[in-house]
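Here are the chains, one letter per residue:
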Amino acid sequence: MAGQTEMSFWDHLDVLRGTIFRSVGAILLLSVIFLCTKTWLFKVVLWPSQPDFFLYRWLGLDFRMELINIDVSAQFFVHLKMSVLAGTILAFPYIVYEIWKFVAPALYDNETRPVRQAFLMSSGLFYLGCAVGYCIVLPVCLMFFMNYTVSDAVVNTISLNSYISMFISMVFLIGIVFEFPTVAVVLSHLGIVTRRMLQAGRKYAVVVILILAALITPSDPVSMIVLALPLYGLYEFSILVCKDKPAEIE
């Protein structure tokens, strides 16, 4: 193994505690910074609800959405929630680095390099997923639901909490789901998953991806397809980067 010194259970627990403490500390530090930059933070968060969002301008759409607050404390807690979320997103590479430092000593020498490369890839995939959610999936969902009514007598008036809940689902959760290739690469180099297994599981993967897209999105067919397409692309990418045969442990 890469780490030769034997450690007891309590030693591992102490190292894990340090990893969690430093990761949470980084999130809290960045969250405080975002708490102090409320104007800039919510310009970014609320931009997809505004008519000048770049996707609406590119498509030539006149999209308008009014947000209201119906809870006395909602704006404060939304500010707090989005500050922590933004801090978590920005701290993601550091969190991955801390996880890598924790697991690296347990790896065999022939596993260290490929697993390290997978961890390096994970941050890029996470931010790609957040970008897809923010730039494409969230605006498509907003356009669909804002233009859908059961009657002309019912006007769509969206609460701030409702918008923020959709924002978190469409941006952060999609970023997490985009980590699938990272997981596939690690499992491949550990000999648990092979390229042939993923190729044989394509038809099952389509079903799982559609179910996952339905869980993340509000389950309308448009947003489901918009999310399912890049997720299936990630599955095919995972097939390309995985090994044909299980890794041999030296």
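### A short note on the packing of helix 5 (residues 109-146) against helix 7 (residues 180-189)
Logical step 1: Contact geometry of helix 5 with helix 7 gives a least axis separation of 9 Å together with a crossing angle of 175 degrees. Taken together, the axes of helix 5 and helix 7 lie roughly antiparallel to each other. Together, E111, P114, V115, A118, M121, S122 and L125 of helix 5 and P181, T182, V185, V186 and H189 of helix 7 make up the contact between the two elements.

### Some remarks on the packing of helix 5 against helix 10 (residues 221-241)
Logical step 1: Contact pair helix 5 / helix 10: the axes reach a minimum separation of 8 Å and the direction vectors enclose 160 degrees. Taken together, the axes of helix 5 and helix 10 are roughly antiparallel relative to one another. Where helix 5 crosses over helix 10, the two elements pack in a sense that is right-handed. Along the contact surface, helix 5 presents M121, L125, V132, I136, V137, V140, C141 and F144, while helix 10 presents V222, S223, V226, L227, P230, L234 and F237.
Logical step 2: When grouped by side-chain class, the residues that make up the contact of helix 5 with helix 10 number 14 nonpolar, 1 polar and no charged.

### Some words on the nonpolar core
Logical step 1: In this structure, V45, M82, L142, Y163 and F167 are the most contacted members of the largest nonpolar core, which totals 63 residues.
Logical step 2: When contributions to this core are tallied by element, the ones reaching two or more residues are helix 2 (38-46), helix 3 (54-59), helix 4 (74-103), helix 5, helix 6 (160-177), helix 7, helix 9 (202-216) and helix 10.
Logical step 3: Looking at which element gives the most residues to this core, the answer is helix 5, with 15 residues.
Logical step 4: Excluding its chain neighbours within four sequence positions, the residues that come into contact with Y163 are V45, L46, P48, S49, M65, L67, L138, L142 and I158.
Logical step 5: In this structure, A26, I27, L30 and I95 belong to the second largest nonpolar core, which totals 5 residues.

### Quick notes on helix 5
Logical step 1: With 38 residues, helix 5 extends 54 Å between its outermost C-alpha atoms, agreeing within 8% with the 56 Å of an ideal straight helix rising 1.5 Å per residue.
Logical step 2: At G133, helix 5 shows its maximal bend, which comes to roughly 40 degrees.

### Re the pattern of salt bridges
Logical step 1: The tally for this structure, following the rule as stated, stands at 5 salt bridges.
Logical step 2: The residue R22 makes a salt bridge to E98 at a minimum N-O spacing of 3.0 Å. Of the two residues, R22 sits in helix 1 (residues 9-35) while E98 sits in helix 4, which places them 76 residues apart along the sequence.
Logical step 3: Across the salt bridge formed by R202 and E236, the nearest N and O atoms sit 2.7 Å from each other. Of this pair, R202 sits in helix 9 while E236 sits in helix 10, and the two are 34 residues apart along the sequence.
Logical step 4: A relative accessible area of 23% places E236 in the partly exposed class.
Logical step 5: By sharing partners, the salt bridges in this structure join R22, E98 and K101 into a single network.

Definitions and limits used
Residues numbered from 1 in each chain as written. Predicted model: local features only at pLDDT ≥ 70, side-chain atom pairs only at ≥ 80, totals over all residues. Heavy atoms only, no water. Axes fitted to C-alpha atoms, helices over the stretch in contact; angles between N-to-C directions. Helix = DSSP H or I, 4+ residues; strand = E, 2+ residues; numbered from the N terminus. Parallel < 35°, antiparallel > 145°, perpendicular 65-115°, else oblique. Contact = heavy atoms within 4.5 Å. Left-handed = near helix turned anticlockwise from the far one by under 90°. Nonpolar A, V, L, I, M, F, W, Y, C, P; charged D, E, K, R; others polar. Core = buried A, V, L, I, M, F, W, Y, C linked by side-chain atoms within 4.5 Å. Buried < 20%, exposed > 50% of the residue type's maximum accessible area, 1.4 Å probe, protein only. Expected span 1.5 Å × (residues − 1). Bend = angle between axes of the 7 residues up to and from the residue. Salt bridge = Lys/Arg side-chain N within 4 Å of Asp/Glu carboxyl O.

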